[in-house]
Amino acid sequence: MKRIAIAAAGTALLFALGLGHAQPPRPDLGKFEYESNCASCHGLSGKGDGGFAKWAGLRMPDLTQLSARNGGVFPAQRLYDVIDGRAMVAAHGDREMPIWGVDYTLKARPAYDDYRHDPEFFVQSRIMALVNHLYSLQAK
């Protein structure tokens, strides 16, 4: 009887600590966004070797070298602005890359308007997750 009580207490402790059952892996939103929206041109590895870029005859930048090309500093705000694309910056010249901020804004609209939501938070969270994923691709 004592062994059963000890086993039950041990099992309860494992579950309380989250160790008693396998947690499903958390989806990596940034990786998902990158693979869904960017990899066709920039490649899964971010080196600019995506199939669409080759097919279209475009040369894509190596996204793994963003920090190296910026003096060792990851240009997070500049990337955010480029990905968002809703505010045109004259210095960036013509936009060849799709404007994902507009796409995310359209996706942020709920199917029903009977609850409060913040579509801008949806846009910002997607772009920040994507910027974070690009940070994880940087060459060491």
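This report concerns the structure included in the present document.

Analysis parameters
Residues numbered from 1 in each chain as written. Predicted model: local features only at pLDDT ≥ 70, side-chain atom pairs only at ≥ 80, totals over all residues. Heavy atoms only, no water. Helix = DSSP H or I, 4+ residues; strand = E, 2+ residues; numbered from the N terminus. Areas by Shrake-Rupley, 256 points an atom, 1.4 Å probe, with all protein chains shown as cover. Core = buried A, V, L, I, M, F, W, Y, C linked by side-chain atoms within 4.5 Å. Buried < 20%, exposed > 50% of the residue type's maximum accessible area, 1.4 Å probe, protein only. Contact = heavy atoms within 4.5 Å. Disulfide = S-S within 2.5 Å. Patch = residues over 30% accessible without salt bridge, like charges linked within 9 Å, V, L, I, M, F, W, Y side chains within 5 Å. Salt bridge = Lys/Arg side-chain N within 4 Å of Asp/Glu carboxyl O. Arc of directions from axis to C-beta.

Focus: the overall build of the protein chain
Helices and strands together make up the secondary structure of the protein chain, namely 7 helices and 0 strands. Each helix and strand of the protein chain, placed in order from N terminus to C terminus, yields the pattern α-α-α-α-α-α-α. Counting only carbon and sulfur atoms, one obtains 60% of the accessible surface of the protein chain, whose full area is about 10100 Å².

Here's the deal with the nonpolar core
Grouped together as the largest cluster of nonpolar side chains are 17 residues, with contacts concentrated most on Tyr34, Ile83, Ile127, Val131 and Leu134. Elements represented by at least two residues in this core include exactly helix H5 (76–84), helix H6 (100–108) and helix H7 (119–136). When residues in this core are grouped by element, the largest group, 5 residues, is from H7. Sequence-distant contacts of valine 131, defined by excluding residues within four places in its chain, comprise Phe74, Ala76, Leu79, Tyr80 and Ile83.

Structural notes on the state of the cysteines
Counted by the stated rule, this structure contains 0 disulfides. Between cysteine 38, a cysteine without a disulfide, and cysteine 41, which holds the nearest cysteine sulfur, the sulfur-to-sulfur distance is 8.6 Å. Using a relative accessible area of 12% as the deciding quantity, one classes cysteine 38 as buried.

A few points about a nonpolar patch on the surface
A cluster of nonpolar side chains, Phe52, Trp55 and Leu58, forms an exposed patch at the surface whose accessible area comes to about 380 Å². Structurally, tryptophan 55 can be placed in helix H4 (residues 51–56).

Quick word on H5
Side chains three or four residues apart in an α-helix point the same way, a direct result of the helix having 3.6 residues per turn. Along H5, the positions that sit buried rather than exposed are Leu79, Tyr80, Ile83 and Asp84. Viewed along the axis of H5, the buried residues span an arc of 125°, placing them on a single side of the element. Turned more than 90 degrees away from the buried face of H5, the exposed residues are Gln77 and Arg78. In the core, the buried residues of H5 are packed alongside H6 and H7. Just beyond H5, the residue with positive phi is glycine 85, at close to 65°.

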